[in-house]
Amino acid sequence: MKPTNRNGLTRLFYNPTARSLFFQALVLGGLLWFVLTIVGNVTTNLNARGISSGFGFLSQPAGFGISQSLIEYNETFTFGRTFFVGLLNTLLVSAMGVVAATILGVFVGISRISPNWLLRKISMVYIEILRNIPLLLQIFFWYYVVLQTLPRPRDSLSFGETIFINIRGVFMPKPMAETGFALYVGLLVAAVVGVIFLGQWAKRRMRDTGQQFPVFWTSVAILLGTLVLGFFITGRPIALDYPELRGLNFRGGMSLIPELIALWFALTIYTSTYIGEIVRSGIQSVSHGQTEACRALGLNEKQRMNLVVLPQAMRVMIPPMTSQYLNLTKNSSLATAIGYPDLVSVFAGTTLNQTGQAIEIITMTMLVYLTISLLVSAFMNWFNKRVALVER
Amino acid sequence: MTNQQDFIITLKNVNKWYGEFHVLKDINLNVKMGERIVICGPSGSGKSTMIRCINHLEEHQEGDIVVDGVLLNNDLKNIGQIRKEVGMVFQHFNLFPHLTVLQNCTLAPIWVRKMPQKEAEAIAMKYLERVKIPDQANKYPGQLSGGQQQRVAIARSLCMNPRVMLFDEPTSALDPEMIKEVLDVMVELAQEGMTMLCVTHEMGFAKKVADRVIFMDAGQIIEENEPESFFNNPQSDRTKLFLSQVLGH
């Protein structure tokens, strides 16, 4: 064997620690140079064009209206306020989308493996068609093809003279608190607490005596009963403010603008196809042996699903479900295409045009999406850890 | 002449097809209470399929299967009743990985037998002691060796207090040194008088505990006899060939 006779520098190069340090330093140096170049470039360009940077614009009056706002807003409010209006609108459509897409997706996913032939085929066609059409096109479909063909306010589709649907959106009565409302809310809270205790009592009783109690239906009865009976006992504490046709549009009540409906439908339906596939693959990932073991032990189909299959399917479903929730939130920025006033449309759109503060506004907008995504991820990771399997 | 009542399991002219493939051909089998039966035969002979028909994990198309006086048909109530009385141990254990060993054992007693949790846990601990792993009760299946997992699976079935135990190649997925610990548990169980139907290639086990050995090939019962005559004086050529191959090495 040849003796290894290397000088100091060569030896250092073949040392794994030294080598990795060297390459990391190289990458870091390159990155630093890149950032400095960009910052230098931008500063020079901004100076040359006489654009001032900074966040001063946020306290200037905006001077434009926004079609939907969850907080008080009109033209006299600041650009800073438009940020929050847009942010809340983004959160609104995302939250609505996540809830609806989850419910629809679970239904589609379970139908996909149902023993019912028709249900199975319908959900397959649903998934294959809707996930293969671009989301933007689906938003356009709901907005231009479906909602824009609705009648004018004068000829609204009316449901019992309380809910009206027309080209301007959906108009519904708005509940208004009256005297006794606090008492009513108190009763409802008491009912919810009661139901929680009932669940714990039933669990304890089952542990001690083995008797099972129909917790679900009893809870439903208690909650519905309180909801209805409590309403009359406390003297009808909720009044409804009905929408009324005045001139060219409805006044009063509350409304959903068509942009929100179109965006919500498209996001929900598009994402539900992916969630459906996640649910299906999650359930199918639980081996057939588990099902056979349940049957051999005499568990019925409902017990098999709830006690054995779903708890195991969950751990497979949660990580991809997280990415779908994040996708939905980020996809909601397509709102700008139909003019739903979300963060991108209002703040990174109109506000940016009016102020020209591109760097600040785009940075703020990107940070918002990053924060939302990281928060959702953190929550789902925590949830995933709770259902993870113990092995070794 | 034994009368019909003495048999806990009766298979009469049972036929089963997978599409065109005829897996079980006119199977007739009577099992007495407390009898230990070992079923052997080459792979694909239908031996697993036969015992899986007994608790309706597989459906037979023709003939009658009667378990403990209950006729096995498409009635969900009958199926449920039979499954309560028939325990099964699988080749790949099929323990529930998200539940602890103790929870694996108490799940069915609590939900199917509607037993209080405390009682179910006491019974589970009793059987875990019998399969010699009470100290693993709070571990998860993934933390146990294959032999330990199979013993948990046996305990899990016993917790339902079954009248019959079916074993579907219980040692085929185990390392050689773990086979013994599982067979020891099964021998003990046999000595206590449990009615057992066991599909296995462990001929030593068959010689030791079986009252009857059944040899199957191509979906038919070719030969059945007491272990001594079966091993020393096989009748058909097919059985002789099979025995020379499994005992030869």
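- In the nomenclature of an unreviewed UniProt entry, chain B is known as ABC-type polar amino acid transport system, ATPase component of Nitrincola lacisaponensis.
- Heading Subcellular location (unreviewed entry) of the UniProt record for chain B holds this comment: "Cell inner membrane".

- In the nomenclature of an unreviewed UniProt entry, chain A is known as Glutamate Aspartate transport system permease protein GltJ of Nitrincola lacisaponensis.
- Among the UniProt annotations of chain A, the heading Sequence similarities (unreviewed entry) holds the following wording: "Belongs to the binding-protein-dependent transport system permease family. HisMQ subfamily."

## A few points about helix H9 (residues 288-297) of chain A
Phase 1 of the analysis: Summarising burial for H9(A): eight of the ten residues are buried, a large majority.
Phase 2 of the analysis: Along H9(A), the residues that are buried comprise Gly289(A), Gln290(A), Thr291(A), Glu292(A), Ala293(A), Cys294(A), Ala296(A) and Leu297(A).
Phase 3 of the analysis: Where H9(A) is buried, its residues contact helix H10 (301-331) of chain A together with helix H1 (47-54), helix H2 (76-85), strand E6 (86-89), helix H3 (101-111) and helix H5 (146-158) of chain B.

## A few points about the UniProt feature "domain: ABC transporter" (unreviewed entry) in chain B
Phase 1 of the analysis: Under the local residue numbering, the UniProt record ascribes the feature "domain: ABC transporter" (unreviewed entry) to residues 9-243 of chain B.
Phase 2 of the analysis: With 39% helix and 26% strand, residues 9-243 of chain B has its two end C-alpha atoms placed 27 Å apart.

## So, a nonpolar patch on the surface
All names here are of chain A.
Phase 1 of the analysis: Among the surface-exposed residues, Leu31, Trp33, Phe34, Val35, Ile38, Val39, Val42 and Ile359 lie close enough to one another that they form a single nonpolar patch of about 760 Å² accessible area.
Phase 2 of the analysis: Per-element accounting of the nonpolar patch gives the leading share, seven residues, to helix H2 (residues 16-49).
Phase 3 of the analysis: On the basis of relative accessibility, which here comes to 47%, the residue Phe34 falls in the partly exposed class.

## Some details on the UniProt feature "transmembrane region" (unreviewed entry) in chain A
Residues and elements named next belong to chain A.
Phase 1 of the analysis: With numbering aligned to this structure, UniProt lists the feature "transmembrane region" (unreviewed entry) at residues 21-39, 83-108, 129-147, 181-201, 213-233, 253-275 and 361-383.
Phase 2 of the analysis: Summarising residues 21-39: 100% helix, 0% strand, and an end-to-end C-alpha distance of 27 Å.
Phase 3 of the analysis: Secondary structure over residues 83-108 splits into 100% helix and 0% strand, and the C-alpha atoms at its two ends are 36 Å apart.

## So, the confidence of the model for chain B
The predicted coordinates should not be examined in detail at positions where pLDDT is low.
Phase 1 of the analysis: Of the residues in chain B, 97% have a pLDDT of 70 or more, and the chain-wide mean is 90.
Phase 2 of the analysis: Note on the complex model: pTM 0.77, ipTM 0.90.

## Here's the deal with the sheet that holds strand E1 (residues 157-159) of chain A
Residue and element names in this part refer to chain A.
Phase 1 of the analysis: Spatially, four strands are ordered E1-E2-E3-E8 in an open sheet, and the strand pairing comes out antiparallel. Since the sheet does not close on itself, it has two edges, and those belong to E1 and strand E8 (254-256), each with one partner. Within this sheet the neighbouring strands show an average axis-to-axis angle of 20 degrees, counted without direction.
Phase 2 of the analysis: Looking at chain direction, strand E2 (residues 163-166) and strand E3 (residues 169-172) are connected through three bridges and run antiparallel. The partner of Asn166 across the bridge, within E3, is Gly169.

## Some thoughts on the interface of chain B and chain A
Phase 1 of the analysis: Contacts between the two partners involve 29 residues from chain B, matched on the other side by 25 residues from chain A.
Phase 2 of the analysis: Between chain B and chain A, a total of about 2,500 Å² is buried, with carbon and sulfur atoms accounting for 62% of that surface.
Phase 3 of the analysis: Seen at the junction of chain B and chain A, the total is one salt bridge.
Phase 4 of the analysis: When the shortest N-O distance is used, the salt bridge between Arg52(B) and Glu292(A) registers 2.3 Å.
Phase 5 of the analysis: The tally of links from chain B across to chain A stands at six residue pairs in polar contact (both at pLDDT 80 or more).
Phase 6 of the analysis: If you list the elements that add at least two residues to the side of chain B that touches chain A, you get E6, H3, helix H4 (117-130) and H5 of chain B.
Phase 7 of the analysis: Counting residues per element, the side of chain B that touches chain A draws most heavily on H3(B), at four residues.

## Notes on the UniProt feature "domain: ABC transmembrane type-1" (unreviewed entry) in chain A
Phase 1 of the analysis: UniProt records the feature "domain: ABC transmembrane type-1" (unreviewed entry) at residues 87-380 of chain A, using the numbering of this structure.
Phase 2 of the analysis: Helix makes up 70% of residues 87-380 of chain A and strand makes up 10%, while its end C-alpha atoms are separated by 22 Å.

## Quick notes on the packing of H3(B) against H4(B)
Residues and elements named next belong to chain B.
Phase 1 of the analysis: Contact pair H3 / H4: the axes reach a minimum separation of 9 Å and the direction vectors enclose 125 degrees. By the angle class used here, H3 and H4 are oblique. Remark: the crossing between H3 and H4 carries right-handed chirality. Residue-level inspection shows Val101, Leu102, Cys105, Thr106, Pro109 and Ile110 of H3 in contact with H4, the latter providing Gln117, Ala120, Glu121, Ala124, Met125 and Leu128.
Phase 2 of the analysis: By residue class, the composition of the contact of H3 with H4 is nine nonpolar, two polar and one charged.

## Examining the sheet that holds strand E2 (residues 21-32) of chain B
All names here are of chain B.
Phase 1 of the analysis: Ordered in space as E2-E1-E4-E5, the four strands form an open sheet in which the pairing is antiparallel. Every other strand in the sheet has two partners, leaving E2 and strand E5 (70-71) as the edge strands with one partner each.
Phase 2 of the analysis: Where strand E1 (residues 7-18) and strand E4 (residues 62-67) come together, five bridges link them in antiparallel fashion. Bridge assignment links Thr10 to a residue of E4, and that residue is Val66.

## Points about the state of the cysteines
All names here are of chain B.
Phase 1 of the analysis: What the rule picks out here adds up to zero disulfides over all chains.
Phase 2 of the analysis: Cys53 forms no disulfide, and the closest cysteine sulfur to it belongs to Cys198, at a distance of 17 Å.
Phase 3 of the analysis: With a relative accessible area of 0%, Cys53 lands in the buried category.
Phase 4 of the analysis: Between Cys105, a free cysteine, and Cys159, which holds the nearest cysteine sulfur, the sulfur-to-sulfur gap is 4.5 Å.
Phase 5 of the analysis: For Cys105, a relative accessible area of 1% puts it in the buried group.

Parameters at a glance
Residues numbered from 1 in each chain as written. Chains lettered and ligands numbered in written order. Predicted model: local features only at pLDDT ≥ 70, side-chain atom pairs only at ≥ 80, totals over all residues. Heavy atoms only, no water. UniProt positions renumbered as here; feature names shortened; annotations may be inferred. Buried < 20%, exposed > 50% of the residue type's maximum accessible area, 1.4 Å probe, protein only. Helix = DSSP H or I, 4+ residues; strand = E, 2+ residues; numbered from the N terminus. Contact = heavy atoms within 4.5 Å. Patch = residues over 30% accessible without salt bridge, like charges linked within 9 Å, V, L, I, M, F, W, Y side chains within 5 Å. Areas by Shrake-Rupley, 256 points an atom, 1.4 Å probe, with all protein chains shown as cover. Salt bridge = Lys/Arg side-chain N within 4 Å of Asp/Glu carboxyl O. pLDDT = per-residue confidence, 0-100. Pairing = 2+ DSSP bridges. Axes fitted to C-alpha atoms, helices over the stretch in contact; angles between N-to-C directions. Buried area = accessible area lost by both parts, 1.4 Å probe. Polar contact = N/O pair within 3.5 Å; in protein donor to acceptor, adjacent residues only side chain to side chain. Parallel < 35°, antiparallel > 145°, perpendicular 65-115°, else oblique. Left-handed = near helix turned anticlockwise from the far one by under 90°. Nonpolar A, V, L, I, M, F, W, Y, C, P; charged D, E, K, R; others polar. Disulfide = S-S within 2.5 Å.

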